[in-house]
Amino acid sequence: MTMSTVLPCDRLAELMPDLLDDPSLLTAADSGHIAQCLRCQAEMARFRRLRRTLASLRLQQVAADPGLVDDLLEGLDSAAERRERHRIAGRRAASIVGLAAATAAGVGGVLVLATRRRSA
Amino acid sequence: MAATDVARLESNEMGTLVAEARDGDRSAFDALVRRTWADTYSLAFRLTGNAEDARDVCQEAYLRAFRGLRRFRGDARFTTWLYRITANCASTQLGRRRRHRHEELDDELELNDLSPGVDPVGRSESASLRDAVQKALAALPPKLRAVVVLRDIYDLSHEVIAAELGISVSAAKVRLHRARHRLRDDVFLRSEAEGRAHDDVDRPAV
């Protein structure tokens, strides 16, 4: 029967991408191994270079059509206009409903008065 | 003036513009758009992989920012808040397009270096390494690419990435792990293997 053992290098290679965010994942024994293992040092150096290069891309902007900014502002204008129209339409609808409610109340009042007079 | 002073001044100006825009000053919001659109477009392009989708994502992101500015509490930077909205819009857009599009980046990346003078670490990385990383990023499936772009280029936290992409934090971490492994394979192992093959060809037969 053969025992399968995971070599520290293989286990650490699997851990390397996560070490970039959380170095505390390394135990003291792992650190000791890396200090003596050229393979693990090379692997760690690769991931660190990768991370640094990715971070450096933040300072590179993707070239865009210069007309895009005007399109974006126009889009915002249209959205603002639509919102204003909705607001006005909403107010108008609210006043119509208010007017209708007031009319209904008035008519109701007149009817109540007329009914009382008739019964008196 | 030192770079940090410039950054602080810019940050203060942005803060003032955000406050004015939140009070309903439309011209202040326009000024914010003018300052941030190129950056927002870059993120949108990196996430969606093509110019057409990136434009749509940008448009949607600014509309959402405009509508939601009153809810922006100012506890994060405005640009970070905008990145989150952009990531969320890109995720929606990719979901919509997934059935119809090829998954790799279609459009050629043209890049403008923003401030080479203030980035000594970035400058020290060779142009060829950057190119290799860009190509490897472009070849990643969109789900993996989104996580690594947001974490390693735009420095968003795992929690924020998970929230904006609509996945759990552990799923975001798993995707990041896989993405970094694939990038490492593509960028370093392949080129090292090619280098070795090249050496073998050049070596004279004994």
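Just so it is clear, the model here is predicted, and its values are computed rather than measured. (Residues numbered from 1 in each chain as written. Chains lettered and ligands numbered in written order. Predicted model: local features only at pLDDT ≥ 70, side-chain atom pairs only at ≥ 80, totals over all residues. Heavy atoms only, no water.)

Considerations on the overall build of chain A
What counts, and what does not: Note on conventions: DSSP H or I runs of at least 4 residues are helices, E runs of at least 2 residues are strands, and numbering of each starts at the N terminus. The buried label applies to any residue whose accessible area, calculated with a 1.4 Å probe on protein chains only, is under 20% of its type's maximum; exposed applies above 50%, and partly exposed to all values in between. Contacts are assigned to residue pairs with any non-hydrogen atoms lying within 4.5 Å of each other. Here, Shrake-Rupley sampling with a 1.4 Å probe gives the accessible areas, and only protein chains in the shown set may cover a residue.
Scanning chain A from terminus to terminus reveals four helices and one strand. Across the 120 residues that make up chain A, the buried fraction comes to 26%. Taking all contacts inside chain A whose residues are at least 6 apart in sequence as the whole, residues at least 24 apart take part in 51%. Looking at chain A as shown, the accessible area adds up to about 8100 Å², and 61% of this sits on carbon and sulfur atoms.

Things to note about the packing of helix α2 (residues 26–48) of chain B against helix α7 (residues 142–153) of chain B
Note the following rule: Only C-alpha atoms enter the line fits that serve as axes; for helices the fit covers just the stretch in contact. Angles between N-to-C directions range over 0 to 180 degrees.
At a minimum axis distance of 8 Å, the contact between α2 of chain B and α7 of chain B shows a crossing angle of 145°. Two secondary-structure elements touch here, α2 of chain B through Leu43, Arg46, Leu47 and Thr48 of chain B and α7 of chain B through Arg145, Ala146, Val149, Leu150 and Ile153 of chain B.

A closer look at helix α6 (residues 127–139) of chain B
Put simply, the rule reads: Expected span, for any helix, means 1.5 Å times one less than how many residues it has.
When the terminal C-alpha atoms of α6 of chain B are compared, their 18 Å separation across 13 residues agrees well with the 18 Å that a helix rising 1.5 Å per residue should span. Those residues of α6 of chain B not exposed but buried are Leu129, Arg130, Val133, Gln134, Ala136, Leu137 and Ala138 of chain B.

A look at a positive patch on the surface
Stated precisely, the cut-off is as follows: Note that patches include only residues with greater than 30% relative accessible area and no salt bridge, and the join distances are 9 Å for like charges and 5 Å for nonpolar side chains (Val, Leu, Ile, Met, Phe, Trp, Tyr). Each salt bridge in this description consists of a side-chain nitrogen of Lys or Arg and a carboxyl oxygen of Asp or Glu lying within 4 Å of one another. Charge assignment: positive for Lys and Arg, negative for Asp and Glu; neither His nor the chain ends contribute. Where a charge lies is defined by one atom per residue type: Lys uses NZ, Arg uses CZ, Asp uses CG and Glu uses CD.
Taken together, the side chains of Arg82, Arg83 and Arg85 of chain A together with Arg67 and Arg70 of chain B make up a positively charged region of the molecular surface. Ranked by residue count, the leading element in the positive patch is helix α4 (residues 68–119) of chain A, at three residues. Structurally, Arg67 of chain B can be placed in helix α3 (residues 51–68).

Brief notes about the interface of chain A and chain B
Let me state the cut-off plainly: Put simply, buried area is how much 1.4 Å-probe accessible surface two parts lose in total, over both of them, once they are put together. In the analysis that follows, any N or O atom pair within 3.5 Å is treated as a polar contact, provided that within protein one partner can donate a hydrogen and the other can accept it, and provided that, for residues neighboring in sequence, both atoms belong to side chains. In this classification, Asp, Glu, Lys and Arg are treated as charged, Ala, Val, Leu, Ile, Met, Phe, Trp, Tyr, Cys and Pro as nonpolar, and every other residue, Gly included, as polar.
On the side of chain B, 52 residues touch chain A, which itself brings 39 residues to the contact. In total, about 4600 Å² of surface goes out of reach between chain A and chain B, with carbon and sulfur atoms giving 59% of it. Run the count over chain A and chain B and you get eight salt bridges. With a closest N to O distance of 3.0 Å, Asp152 of chain B and Arg51 of chain A form a salt bridge. Across the contact surface, chain A and chain B share 18 residue pairs in polar contact (both at pLDDT 80 or more). Within the residue set of the side of chain A that touches chain B, elements represented by two or more residues are α1 (8–19), α3 (38–56), β1 (60–62) and α4 of chain A. With twelve residues, the single largest contributor to the side of chain A that touches chain B is α4 of chain A. For the side of chain A that touches chain B, a count of residues per class yields 20 nonpolar, five polar and 14 charged.

Let's talk about the pattern of salt bridges
Tallied over the entire structure, the rule returns 19 salt bridges over all chains. One salt bridge connects Arg55 of chain B with Asp65 of chain A, and the closest N-O pair in it is separated by 3.2 Å. One end of the pair, Arg55 of chain B, is in helix α3; the other, Asp65 of chain A, is in the loop between β1 and α4, on a second chain. What makes Arg55 of chain B partly exposed here is its relative accessible area of 25%. Through salt bridges with shared partners, a single network forms among Asp21 and Arg51 of chain A together with Arg151, Asp152, Asp155 and Arg180 of chain B.

Points about the side chain of His158 of chain B
You can see His158 of chain B is positioned in helix α8 (residues 158–165). The buried category is assigned to His158 of chain B, whose relative accessible area is 13%. Among the polar contacts made by the side chain of His158 of chain B, one reaches the side chain of Asp21 of chain A at a distance of 3.5 Å. Discounting residues that sit within four places of it in the chain, His158 of chain B has contacts with Asp21 of chain A together with Arg151, Val169, Ala172, Lys173 and Leu176 of chain B.

Quick look at the packing of aromatic side chains
What characterises a pair of aromatic rings is the spacing of the ring centres plus the angle enclosed by the ring planes. Residues and elements named next belong to chain B. As a reminder of what qualifies: Note on aromatic pairs: the rings of Phe, Tyr and Trp (six-membered ring only in Trp) are paired at centre separations within 6.5 Å, and the planes decide the class, stacked below 30 degrees, edge-to-face beyond 60, tilted for the rest.
All told, the structure shown has six aromatic pairs over all chains when counted by the stated rule. Geometrically, the ring pair formed by Phe29 and Phe66 is tilted, given 5.2 Å between the ring centres and 55° between the ring planes. Of this pair, Phe29 sits in helix α2 while Phe66 is found in helix α3, placing the two residues 37 residues apart along the sequence. Of the two residues examined, Phe29 and Phe66, each falls in the buried class. Aromatic side chains Phe78 and Trp81 sit 5.8 Å apart centroid to centroid with 45° between the ring planes, which places their arrangement in the tilted category. Here Trp81 and Phe78 lie together in helix α4 (residues 78–97), a separation of three residues that amounts to about one turn. Across the pair, Trp81 and Phe78 agree in class, each one buried. Here a set of aromatic residues connected by ring pairs shows up, and it is made of Phe72, Phe78 and Trp81.

Section: the packing of α7 of chain B against α8 of chain B
When two helices pack together, you describe them by how their axes are tilted relative to each other and by the distance separating the axes. Residue and element names in this part refer to chain B. How we decide: The labels follow the angle: roughly parallel below 35 degrees, roughly antiparallel above 145, roughly perpendicular from 65 to 115, and oblique for the rest. In this scheme, a crossing is called left-handed if the near helix is turned counterclockwise away from the far one by less than a right angle; it is called right-handed if the turn is clockwise.
As a packed pair, α7 and α8 sit with axes 10 Å apart at the nearest point and diverge in direction by 140°. Viewed along their axes, α7 and α8 adopt a mutual orientation that is oblique. The way α7 lies across α8 gives a crossing that is right-handed. Here α7 contributes Ala146, Val147, Leu150 and Arg151 to the contact with α8, which in turn contributes His158, Ile161 and Leu165. Class assignment for the residues of the contact of α7 with α8 results in five nonpolar, one polar and one charged.

Everything listed is a geometric property; what it means functionally is a separate question.
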